[in-house]
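# Architecture at a glance
Listed below, chain by chain, are the residues.
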Amino acid sequence: MLNDLRRVDKDVYEAVLKEVRREQIDIELIASENYVSMAVLDAQGTVMTNKYAEGYPGRRYYGGCKHVDVVETLAIDRAKELFGAEHANVQPHSGSQANMAAYFALLKPGDRILGMALDQGGHLSHGHPKNFSSKVFDIVRYGVNKETERIDVDEVGAIARKTRPNLIVVGASSYPRAIDFEPFAQIAKDVGAYLMADIAHIAGPVVAGLHPNPVPHCDVVTTTTHKTLRGPRSGIILCKEEHAKKVNSSVFPGIQGGPLMHVIAGKAVAFKEALAPGFKRYQEQILANACALAEELTAQGFRLVTGGTDNHLIVADVRPHKVNGIQATRILERIGITVNNNQIPFDPLPPTKSSGIRMGTAAMTTRGMTEPEMKQLGHIIASAMVHSDDSVRLRLLREETLDLADRFPVYPGILRRLYEQERSAYA
Ligand code: DSN
């Protein structure tokens, strides 16, 4: 296994080996991460990485594309079927590039975008001052209501009527509640704006019918493919047929050259997996696990933004435990739990510290954990905060997370073969 890599480049090989081991022994609660299947890993490690395929299936600028055409067509057809979309472009390398291409398809530089502020739950590419989006476009922002910490569509409507954006972006990176796209469509219609949804986080529940689907209400929908959708690290764009040509030429030649055909192969495989009946059950368990973790964290003294969750993620205000977000993240890292520090709405602390942490259940659900393990994790997380100065207690908590990780292996086949090869690394 990985024999050529080991022979040619020991440094990279060893880093990969350590990453395989880290993924096994840590509890992954980063809301935007997941573990792809062996089939998706296989697809990405194929010779499709060699092929230049600028253009689209049947209309390429390079010869020799007949097999990559098959793969891209499968990915397109499956994406359309999954989301009920009229058109899909599966070439964006990432979520941010999907968003960039969508903006450039519908807008010209200087046009106005209304998006959710990052510090209220939005995403960098929805208009953060340091992102390309605010350098190219004129950004106005909406946030959440200070009392409820939820999106207030009346307020969004008022901002839209006042600022007359050309495009409204609905979607978030750290918003734990379901989003109703219909009122956004009404607002966009009232002010003559395009409506774009970025469902990077919630694509899995959308596909499973467990979250409203924005496709019928939006001009364009973007998503990453690696979060709850459990595909390779990448992005896609879905749109109405009327925007198809503009979206395609905005991706290529607009902002990208050759598509990453090995990653598109991985997307095709992941979409097939998402179309299979077991995927809905997986998504149901992600949501059930998020509820169970949210309940336990609340019982253990954390304050949850909005009081809970409707999706796969939780934003916990950690200040009741007398720590800030970065301190909580570091304490959890010591006991093998990975999360990210996250601002809460109207956070008095800067993003580098923040008052909260964000957690998601997609990855550990992939490993087979259910509600009892979520309760156990909620208890472990709180104990780590309480005993953060007690290295003996932290060591015991680390043993508990190691035991949990052992009970729910990820990539057991890879681990077994690497272990046989590299006993010393696992000694
Ligand atoms: N960085 C991703 C996240 O963690 O949500 C969004 O792009």
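Let me sum up the structure you'll find in this document. Since the model is a prediction, treat every value here as computed from it, not as a measurement.

## Details of the sheet that holds strand β14 (residues 340–342)
Taken in spatial order, the four strands line up as β11-β12-β15-β14 in an open sheet, and their pairing is antiparallel. In this open sheet, the two strands that pair with only one neighbour each are β11 (303–304) and β14. Alignment of β14 against strand β15 (residues 356–360), held across three bridges, turns out to be antiparallel. Paired with Asn342 across the bridge in β15 is Gly356. Packing against the sheet, helix α12 (residues 278–299) makes contact with β11, β12 (313–317) and β15, and its axis sits at approximately 10 degrees to β12.

## A few points about the pairing of strand β10 (residues 235–239)
Looking along a regular strand, one sees the side chains alternate between the two faces of the sheet. Within β10, five of the five residues are buried, leaving the element largely enclosed by the surrounding structure. Here β10 shows no split at all, with Gly235, Ile237 and Cys239 on one side and Ile236 and Leu238 on the other all buried. Across three bridges, strand β4 (residues 87–89) lies against β10 in antiparallel orientation. Bridge assignment links Asn89 to a residue of β10, and that residue is Ile237. Across five bridges, the pairing between strand β9 (residues 220–224) and β10 is antiparallel. Bridge assignment links Val220 to a residue of β10, and that residue is Cys239.

## Thoughts on the side chain of Lys227
Relative to the assigned elements, Lys227 resides in the loop between β9 and β10. No salt bridge is formed by the buried Lys227; its nearest oppositely charged neighbour, Asp198, is found at 6.7 Å. Engagement of the side chain of Lys227 in a polar contact is seen with the side chain of Thr224, the distance being 3.1 Å.

Cut-off values and rules
Residues numbered from 1 in each chain as written. Predicted model: local features only at pLDDT ≥ 70, side-chain atom pairs only at ≥ 80, totals over all residues. Heavy atoms only, no water. Pairing = 2+ DSSP bridges. Helix = DSSP H or I, 4+ residues; strand = E, 2+ residues; numbered from the N terminus. Contact = heavy atoms within 4.5 Å. Axes fitted to C-alpha atoms, helices over the stretch in contact; angles between N-to-C directions. Buried < 20%, exposed > 50% of the residue type's maximum accessible area, 1.4 Å probe, protein only. Lys, Arg positive; Asp, Glu negative; His and termini not counted. Salt bridge = Lys/Arg side-chain N within 4 Å of Asp/Glu carboxyl O. Polar contact = N/O pair within 3.5 Å; in protein donor to acceptor, adjacent residues only side chain to side chain.

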